[in-house]
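An overview of the molecular structure
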Amino acid sequence: MKFIYDSLSNDNKHAMEGKTILVTGYAGSLGYSLMHFFKEYGDLLGIKKVFGIDNYMFGKPQWVEKISKNTLFDLREDDIIQCDLEFAGSADLIFHMASLASPVYYRQFPIETIDADVTGLRRLLDFYKDKNIQGLLFFSSSEIYGDPHFSQIPTPESYWGNVNTCGPRACYDESKRFGETLCYNFARIYNMPITIVRPFNNYGPGMRINDQRVVADFAKAVIDNQDIVIYSDGKPTRTFDYIPDAIVGYIKCVLFGNFEVFNIGSDGPELSIYELAELYKKVGKELFDYDGEIVFRDHSDKDYLIDNPNRRCPDITKARNFLEYEPRIHIEEGIRRYLKYINECERSEIEW
């Protein structure tokens, strides 16, 4: 958490003084680092209160029990699509993270995914439109770009996207796109300080080992000393952003206080899935004497590869210029930290 604190500017830190914060979906992988940061530095920053809403769809993490004992927090088990928001009516800054971000899970729960991204967002916008909030951050996704044309890699925020509206991934892609449209219109009509962030492939502490994205699948294979399984030809490419690195960007976004759209992620290196597997194998060998192999198999989910983007790499020029955002943790170091985190969780028998 010190990494996050040290990466924020003095202006960022002063801007949080006296603020009350609401975080929806706080028990997810991004919430882990954000909430622990508030726990460690909330008093120093002068934060008044942190409210939270989460329905624990995939279980209540053990760390939530510990963190909720801190009087800074008021954490509620509830659903954003129907809960009473009055308890958080005094919030100045809102992080709307509630969603299902893993393709395997949002394909299994498409309606719930749409509900969080559209209905939940609409309820927040309606509730806070007449209140004097200072920032509302909607967590969209790099998936709104679909499968970009090669001329749009790295992908700028100005790219409109290439998305299938009726495919198995559309519940997530299109609900995020419509969520952005809601944000744009509420900002325009009600002058709300809404900022949209498009995260690019976050990974790291707080990500469940059963998340079923490749970064978690590969980590589980290393920890269990099993073969690393690739469910494609290994050629699609991605850049990956270590979660504490990304949290710095998200805090800067919510404090921006105006309507804007920002890519937050790492703009390099762009690795193939096979190259990512090789990195896990290398780091796993160094840390745990891992001796598994990289193998290719078909996934049991027949829709696993449908509409899967070939490349994903952000242009973060705007975030650099407007927010002074700069990712600092290289993918190899991030994998090393993530594997150590998971290994510690496994050794401590921490419930995910």
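Since we're looking at a predicted model, the values are computed, not measured.

Our next topic: the overall build of the chain. In terms of helices and strands, the chain carries 12 helices and 14 strands. Taking 352 residues into account, the globule formula puts the C-alpha radius of gyration at 20 Å, and the chain, at 19 Å, falls close to it. When its C-alpha atoms are laid out on the principal axes, the chain stretches across 55 × 45 × 35 Å. Here the chain, with 352 residues, has 56% of them falling under the buried criterion. Contacts spanning at least 24 positions in sequence make up 84% of the contacts within the chain whose residues lie at least 6 apart. On the chain, roughly 15,100 Å² of surface is accessible, and the fraction owed to carbon and sulfur atoms is 45%.

Here the focus is the packing of aromatic side chains. As enumerated under the stated definition, the model contains 25 aromatic pairs in all. Ring centres of Y274 and F296 lie 6.1 Å apart, and the angle between their planes is 10 degrees; on these two criteria the pair is classed as stacked. Highlighted residues: Y274 in helix 10 (residues 273-288) and F296 in strand 13 (residues 294-296), separated in sequence by 22 residues. Under the relative-accessibility criterion, F296 is labelled partly exposed at 46%. Put simply, the rings of Y5, F37, F38, Y41 and F95 pair up and form one aromatic cluster. Directly above the ring of Y5 sits K13, whose terminal nitrogen or CZ lies 3.9 Å from the centroid.

Looking now at the sheet that holds strand 3 (residues 73-77). Within a beta sheet, neighbouring strands are joined by backbone hydrogen bonds and run either parallel or antiparallel to one another. Spatially, seven strands are ordered 3-2-1-4-5-6-11 in an open sheet, and the strand pairing comes out parallel. What marks the edges here is a single partner per strand, and that holds for strand 3 and strand 11 (260-264). Strand-to-strand, the axes of this sheet are offset by a mean angle of 15 degrees, without reference to chain direction. Both strand 4 (residues 93-96) and strand 5 (residues 135-139) contribute to a ladder of four bridges, which runs parallel. Across the sheet, I94 pairs through a bridge with L136, a residue of strand 5. Contacts from helix 7 (residues 170-190) reach strand 5 and strand 6 (194-199) within the one sheet, and its direction differs from that of strand 6 by about 160 degrees.

Here we take up the environment of S33. Turning to its location among the elements, S33 is positioned in helix 3 (residues 29-45). Overall, the relative accessible area of 0% leaves S33 in the buried class. For the pair S33 and I230, spaced 197 residues apart in sequence, the C-alpha to C-alpha distance is 28 Å. Other than its neighbours up to four places away in sequence, S33 contacts M1, I4, P205, I243, P244 and I247.

This part is about a negative patch on the surface. Negative charge collects at one region of the surface, where E77, D78, D84 and E86 lie side by side. Here E86 is to be found in the loop between strand 3 and strand 4. Among the residues examined, E86 registers a relative accessible area of 53% and is labelled exposed.

Below, the discussion takes up the pairing of strand 6. Among the six residues that make up strand 6, six are buried, leaving the element largely enclosed by the rest of the structure. Judged by which residues are buried, strand 6 turns out to be covered on both faces: I194, I196 and R198 on one side and T195, V197 and P199 on the other are all buried. Across four bridges, strand 5 lies against strand 6 in parallel orientation. If you follow L137 over to strand 6, its bridge partner there is T195. This β-α-β element, strand 5 to helix 7 to strand 6, shows right-handed connectivity. Bridge count between strand 6 and strand 11: five bridges; the pairing is parallel. Note that in strand 11 the partner of I196 across the bridge is V261.

The next subject is the nonpolar core. V23, M35, F38, F95 and Y280 are the most contacted members of the largest nonpolar core, which totals 76 residues. Every residue in contact with F95, bar those within four places of it in the chain, is listed here: I21, L22, V23, T24, L34, F38, L137, F139, Y250, I251 and V254. Formed by 28 residues, the second largest nonpolar core is a distinct cluster that contains L22, V118, M192 and I194.

Rules of the game
Residues numbered from 1 in each chain as written. Predicted model: local features only at pLDDT ≥ 70, side-chain atom pairs only at ≥ 80, totals over all residues. Heavy atoms only, no water. Helix = DSSP H or I, 4+ residues; strand = E, 2+ residues; numbered from the N terminus. Rg over C-alpha atoms; globule rule 2.2 N^0.38 Å. Buried < 20%, exposed > 50% of the residue type's maximum accessible area, 1.4 Å probe, protein only. Contact = heavy atoms within 4.5 Å. Areas by Shrake-Rupley, 256 points an atom, 1.4 Å probe, with all protein chains shown as cover. Phe/Tyr/Trp six-rings, centres within 6.5 Å; stacked < 30°, edge-to-face > 60°. Lys NZ or Arg CZ within 6 Å of the ring centre and 35° of its normal. Pairing = 2+ DSSP bridges. Axes fitted to C-alpha atoms, helices over the stretch in contact; angles between N-to-C directions. Patch = residues over 30% accessible without salt bridge, like charges linked within 9 Å, V, L, I, M, F, W, Y side chains within 5 Å. Salt bridge = Lys/Arg side-chain N within 4 Å of Asp/Glu carboxyl O. Lys, Arg positive; Asp, Glu negative; His and termini not counted. Charge placed at Lys NZ, Arg CZ, Asp CG, Glu CD. Right-handed = clockwise from strand over helix to strand, strands pointing away. Core = buried A, V, L, I, M, F, W, Y, C linked by side-chain atoms within 4.5 Å.

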